[in-house]
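Structural description and commentary
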Amino acid sequence: MSVHSRVWPAQGVHRVPYWVYADESVYARELEGIFKGPSWSFVGLEAEIPSPGDFKRAQIGEASVIAARGREGAVHVLLNQCAHRGLQVCRQDYGQARVFQCPYHQWTYRLDGDLTGVPFAKGVDGKGGMPDDFERCEHGLRKLKVATRHGAVFASFADEIEPLEAYLGPKMLALFDRVFTGARLRILGVSRQRIPANWKLMFENIKDPYHASLLHVFLVTFGLFRVDNPSRTEMDATGRHSALISRRGGDRTATSATGEMASFREELKLKDPMLLDIVKEFPDPATVVMQTIWPNLIVQQQANTLATRQIAPRGPGAFDLNWTFFGYERDDAAMTARRLRHANLMGPAGFVSLDDSEVMDLAQRGIRQDEDRAAVVEMGGRGTEDQDHIVTETAIRAFYAYYRQVMGL
Amino acid sequence: MSPAREEIETLYARHAELLDEGPISEWPSLFVEDGLYKAVTRENSDRGWPLALMLCESRAAIEDRVYAIEHLALKIPRRVRHLVSTIAFSAENGGYRVKANFAVFETLEGEPTVCFAAGRYHDALVRDGAGALRFREKVSIADSAIVRNSLVYPL
């Protein structure tokens, strides 16, 4: 079926039709309209490419891009596609380079994407060669627009796009700056997982705080994130970005809410309590802020584990989730050890996030059975407004209100 | 086979058996009390980044991890199968430094078996109070940077 014949359920955004997670034509429009459209995609952290010549590969939609630090120190983001025959000129996930050279005919590009070398451009013994009017300056790698903020690098395929700060809006910018203060970052490592589910389910997982009190035994039992903790669910003016903000409640206490939490285990005790040795490090009282930034970034602060999670779709039925765990250069050895320990909560084997990757697999298997049915998204009402609690799916509804506009659905 | 090799191979056979056939709750007993278990990717170890997929800095933390696998994690039912081979070792402080290749196959219920991970162990073995050979350090370095959905069981 074509995307043109898809009709959103009449009820509105409190119904999400299952075909948005499975239809190839919907997915193709997402790649063009969202990832190559007027959006800022997260590419990586400057600390991953600290020196001139450092580069990393990233994915925006399904396009491979190279983020490279040029000789003069600026970060360039380039489409990984030779201007000659379209090959990927960069075949390593990260490294150090003086130039990028296509293996096929050795067209050679500078770190800023400009074409510098074309073998046999003037021919051999007066024969062959490129036409006289061939201009190298017209055949560089495609350069994306780049925005950096406090060590985070974003790029856009769009020619016309608002500045990153306006794109985030004041509320989301303030939450972004809460973690990215401008202090120098220290990369602790990356984790990558290939999740057999539609990319939007990852966003919805983070925009749905309701599930966390039911699914995640760790969060519930240790009070890390729970419906009866003081919490907020906030969006930007468009609804495309959101944040769940919460404060850790009492540890291991039963309350009026825990009766309905089948996963609450009052008796559970860690044999090594160092896993939950949490130090307050932000000026506000929040102990967890999970922020989603359209179209491909989650910023995670839970306990003392900080990470970006970048979403790279791979067809409608799968995506790669690329986690970069980090701290600050000012961290002492104890803090770095703590962040690494807390990282056990997250990632492909996380005490918390493992539940999510398994559930997303189950969700995709379930959805595919009948694409014409729809999800019921009514927790916390049918609106898309901010709420001062997390017993809600308002951020999912807000996300789809914006998604429908962009997609024309 | 030398007595040393036989003793080391017996430990690795027990390691694989406990993870694959169970009871996994006995797997932590293969570590000394201040033992370390870490599963990392080659990407991080090559780049000098300390992040682990699983990090247990004591036998107590290994027991917590195993308890979570058995009783807390929401997981699609599965079987894993560890193959350990090409064990190389050298004597060190009454114990051994060991490097060995591993492969882990995974079978989700209702699905064909897939190769889930391959990599190399960088381990340190010591004798516990009773003279039995145990892991002081077990570091599993996975070749692929990408985990196939979820890493449930130790590598």
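Sequence order sets the numbering: in each chain, residues are counted from 1 along the sequence as written. Here the convention is simple: chains get letters from A, ligands get numbers from 1, in the order in which they are written. Local features in this predicted model are restricted to residues of pLDDT 70 or higher, and side-chain atom pairs are both shown and tallied only at a pLDDT of 80 or more, whereas totals for entire chains, interfaces and linings draw on every residue.

Here we take up the overall build of chain A. Helices and strands together make up the secondary structure of chain A, namely 8 helices and 19 strands. The globule rule puts the C-alpha radius of gyration for 409 residues at 22 Å, and the 23 Å found for chain A is close to it. A principal-axis box enclosing the C-alpha atoms of chain A has dimensions of 85 × 55 × 35 Å. Exposed residues have 12 or fewer other C-beta atoms within 10 Å of their own C-beta, buried residues have 20 or more, and residues in between are partly exposed; the C-beta atoms are placed from the backbone. Of all 409 residues assigned to chain A, the portion counted as buried reaches 47%. Long-range contacts, defined as pairs at least 24 residues apart, comprise 65% of the intrachain contacts of chain A with a sequence gap of at least 6. By the criteria applied, helices consist of DSSP H or I runs no shorter than four residues and strands consist of E runs no shorter than two, each listed in order from the N terminus. Atoms counted for the radius of gyration: C-alpha only. Globule rule: 2.2 Å times residue count to the power 0.38. Once C-beta atoms are placed from the backbone, any two residues with those atoms within 7 Å are in contact.

Quick look at the environment of A363 of chain A now. Residues and elements named next belong to chain A. Structurally, A363 can be placed in helix α7 (residues 353–367). Among the residues examined, A363 registers 19 C-beta atoms within 10 Å and is labelled partly exposed. Apart from residues no more than four positions distant in its own chain, A363 is found in contact with A197 and L201.

The subject of this paragraph is the packing of helix α3 (residues 199–207) of chain A against helix α8 (residues 394–407) of chain A. Residues and elements named next belong to chain A. Fitting a line to C-alpha atoms yields each axis, with helices limited to the stretch in contact; the angle taken between N-to-C directions then spans 0 to 180 degrees. Put simply, α3 and α8 touch, their axes get as near as 8 Å, and they point 140 degrees apart. One way to sum up the angle between α3 and α8 is to call them oblique. Helix-helix and strand crossings are classified by hand; for α3 and α8 the assignment is right-handed. Judged by residue contacts, F203, E204 and K207 of α3 engage A395, I396 and F399 from α8. Nonpolar residues are Ala, Val, Leu, Ile, Met, Phe, Trp, Tyr, Cys and Pro. Charged residues are Asp, Glu, Lys and Arg, and all others, Gly as well, are polar. Its residues placed into classes, the contact of α3 with α8 shows 4 nonpolar, no polar and 2 charged. Should an angle lie under 35 degrees it is considered roughly parallel, over 145 roughly antiparallel, and from 65 to 115 roughly perpendicular; all remaining angles are considered oblique. Two helices cross in a left-handed way if the nearer one is turned anticlockwise from the farther one by less than a right angle. They cross in a right-handed way if the turn is clockwise.

Right, let's talk about the interface of chain A and chain B for a bit. In this complex, chain A contributes 34 residues to the contact, which on the side of chain B involves 28 residues. Elements supplying a minimum of two residues to the side of chain A that touches chain B: β12 (185–195), α5 (217–221), β18 (319–328), α6 (333–342) and α7 of chain A. Counting residues per element, the side of chain A that touches chain B draws most heavily on β12 of chain A, which supplies 9 residues. When grouped by side-chain class, the residues that make up the side of chain A that touches chain B number 19 nonpolar, 6 polar and 9 charged. Pairing between strands requires that DSSP locate at least two bridges from one strand to the other. Sheet analysis places β12 of chain A next to strand β7 (residues 146–148) of chain B, joined by 3 bridges and oriented parallel. Counted as the bridge partner of R192 of chain A is I146 of chain B from β7 of chain B.

So, about α7 of chain A. The span one expects for a helix is its residue count, reduced by one, times 1.5 Å. For α7 of chain A, spanning 15 residues, the distance from its first C-alpha to its last is 21 Å, which sits close to the expected 21 Å at 1.5 Å a residue. All buried positions along α7 of chain A are accounted for by S353, L354, D355, D356, S357, E358, M360, Q364 and I367 of chain A.

Okay, the sheet that holds strand β17 (residues 305–313) of chain A next. In space, the 8 strands of this open sheet follow the order β13(A)-β14(A)-β15(A)-β16(A)-β17(A)-β18(A)-β12(A)-β7(B), with mixed pairing throughout. Looking at the sheet topology across the chains shown, the edges are occupied by β13 (231–235) of chain A together with β7 of chain B. The sheet shows a mean angle of 15 degrees between the axes of neighbouring strands, taken without regard to direction. Bridge count between β12 of chain A and β18 of chain A: 10 bridges; the pairing is antiparallel. Paired with V190 of chain A across the bridge in β18 of chain A is T324 of chain A.

Values of pLDDT, the confidence the predictor places in each residue, fall between 0 and 100. For chain B, per-residue confidence averages 97 on the pLDDT scale, and residues scoring 70 or more make up 100% of the total. Prediction confidence for the complex, expressed as pTM and ipTM, is 0.96 and 0.97 respectively.

Here we take up the nonpolar core. Formed by 150 residues in total, the largest nonpolar core has its most connected members in V43, V65, A67 and F218 of chain A. Each residue touching F218 of chain A, except ones within four places of it in the same chain, is listed here: L224, L345, F351 and V352 of chain A together with L72 of chain B. The nonpolar core criterion groups buried Ala, Val, Leu, Ile, Met, Phe, Trp, Tyr and Cys residues into a set whenever they are joined through C-beta atoms within 7 Å.

Take the sheet that holds strand β5 (residues 75–79) of chain A next. The strands that make up a sheet are held in pairs by hydrogen bonds between backbone atoms, and each pair lies either parallel or antiparallel. Residues and elements named next belong to chain A. Read across the sheet, 4 strands follow the order β5-β4-β3-β6 without closing on themselves; strand pairing throughout is antiparallel. Bordering the open sheet on either side are β5 and β6 (94–96), each of which pairs with just one other strand. The mean angle between the axes of side-by-side strands here comes to 25 degrees, regardless of whether they run parallel or antiparallel. Direction of pairing for strand β3 (residues 54–60) relative to β6: antiparallel, over a ladder of 3 bridges. Note that in β6 the partner of K56 across the bridge is Y94.

On to the environment of Q96 of chain A. Residues and elements named next belong to chain A. If you trace the backbone, Q96 turns up in strand β6. A residue is classified by how many C-beta atoms lie within 10 Å of it, and Q96, with 13 of them, is partly exposed. Between the C-alpha atoms of Q96 and D125, which are 29 residues apart in sequence, the distance is 36 Å. Apart from residues no more than four positions distant in its own chain, Q96 is found in contact with G53 and D54.

So, on to the packing of α3 of chain A against α7 of chain A. All names here are of chain A. Interhelical geometry of α3 versus α7 gives an angle of 125 degrees and a closest axis separation of 10 Å. Classified by the angle between their axes, α3 and α7 sit oblique to one another. The handedness of the crossing between α3 and α7 comes out as right-handed. Each of L201, M202 and N205 in α3 lies in contact with α7, whose residues at this interface are D356, M360, A363 and Q364.

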